[in-house]
Amino acid sequence: MIVVLTGGTGGAKFVDGLRRVVTPRDLTFIVNTGDDFQCWGLHISPDVDSITYVLSDLLSKDRGWGVECDTFQCLEAMRRLGQPAWFQIGDRDLSTHLTRTQLLREGKTLSEATTEITRNLGIESIVLPMTNTPVETRVTIPEGEISFQDYFVKRRFRDPVNSVRFSGAENATPAPGIMEAILSASVILLAPSNPVTSIGPILAVPGIREALRETKAPVTAISPIVGNTAVSGPAGALMAAQGLPVSIDGVAKAYQDFLDCLVIDSSDEAQADRLQQSGLEICCTKIIMKTDADKTGLSRTALSLMPDTKTVSVAS
């Protein structure tokens, strides 16, 4: 079984490639829920939705989030009624949020609601929210502390960042199935997601980081950084705010206590020697994913580094 920790648009792209080369039943995804929030009285789970949509061929290829060919008539109607409209909820996307919220109100956990939604969409892979406990990523800017969605979507990540924290993480527990998945995995991959706000909340849930240290499976991460710049989004600013170098060194430092191998862009090869000297295996390849071929190529490269991929079905 291949276990993938993921979140954000980079994570969804990588998952899109991985699902094309691995039998779906051999894939388990542990997904960030630190971005979850309430909008129009609905529980929105952006990263869980992106993974759900990519696995069911629904993800918008142009936007990298939401549903392909969606319309936004409800959003415009809500705007006219004076409701918040800064978060782009499409009409087809809305059905997911309505279903999830209804299931939660009926007493189901986020894990149970996710399982029901993915099953109804015909997804054979396992999608696990990182926890059923509310955890919120909070970002401190010069004006004060705000939610990650306010920082990232509403304010378009223009503000300088002083710090990041994961409110509620200290009281959270891993969702059912997560610890077992990590400890029994043959391969563990960390998608090229933001180390601070996409993978960071997952690692902040007590027990998950420890399980990654204990597992016998090799752990490989794909860097979301090329040179001194994030491939997309505010990862660079957020890493700097958390005291991490904005480079492959910062990615390695974020995962240093459990990481076996780091996949980096070929342009960073000259910077790899010092990391290799520390005992970390480094693989240099093309990590920018612009096409389907790029996505599958990166997935195949990541899997080729693992001695145990013979235990899962990888398409030729």
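Read on for a plain summary of the structure. Owing to the predicted nature of the structure, the values given are computational and were not obtained by experimental measurement. (Residues numbered from 1 in each chain as written. Predicted model: local features only at pLDDT ≥ 70, side-chain atom pairs only at ≥ 80, totals over all residues. Heavy atoms only, no water.)

Here the focus is the pairing of strand E6 (residues 136–141). Direction of pairing for E6 relative to strand E8 (residues 163–167): antiparallel, over a ladder of 5 bridges. Each bridged residue has a counterpart across the sheet, and for Glu-136 the counterpart in E8 is Ser-167. Here E6 folds back onto strand E7 (residues 144–147) in antiparallel fashion, the turn holding 2 residues. (Pairing = 2+ DSSP bridges. Helix = DSSP H or I, 4+ residues; strand = E, 2+ residues; numbered from the N terminus.)

The next point concerns the packing of aromatic side chains. In total, this model carries 7 aromatic pairs according to the counting rule given. On the numbers, 4.8 Å between centres and 70 degrees between planes, the contact of Phe-37 with Phe-87 is edge-to-face. Taken as a pair, Phe-37 in strand E3 (residues 37–39) and Phe-87 in the loop between helix H3 (73–80) and helix H4 (91–105) lie far apart in primary sequence, 50 residues in all. Phe-37 gets classed as buried once you look at its relative accessible area, which sits at 15%. Judged by its relative accessible area of 12%, Phe-87 is buried. Taking 6.2 Å as the distance between ring centres and 50 degrees as the angle between the ring planes, the aromatic pair formed by Phe-148 and Tyr-151 counts as tilted. Taken together, the residues Phe-148 and Tyr-151, both in helix H6 (residues 148–154) and 3 residues apart, mark about one turn of the helix. Looking at Phe-148, the relative accessible area reads 6%, which means it is buried. Take Tyr-151: its relative accessible area is 0%, and that puts it in the buried class. Aromatic ring contacts, followed pair by pair, group Phe-148, Tyr-151, Phe-152 and Phe-157 into a single cluster. (Phe/Tyr/Trp six-rings, centres within 6.5 Å; stacked < 30°, edge-to-face > 60°. Buried < 20%, exposed > 50% of the residue type's maximum accessible area, 1.4 Å probe, protein only.)

Among the secondary structure elements, Arg-138 is positioned in strand E6. Classification of Arg-138 as buried rests on a relative accessible area of 19%. A polar contact is formed between the side chain of Arg-138 and the side chain of Glu-136, at a distance of 3.1 Å. (Polar contact = N/O pair within 3.5 Å; in protein donor to acceptor, adjacent residues only side chain to side chain.)

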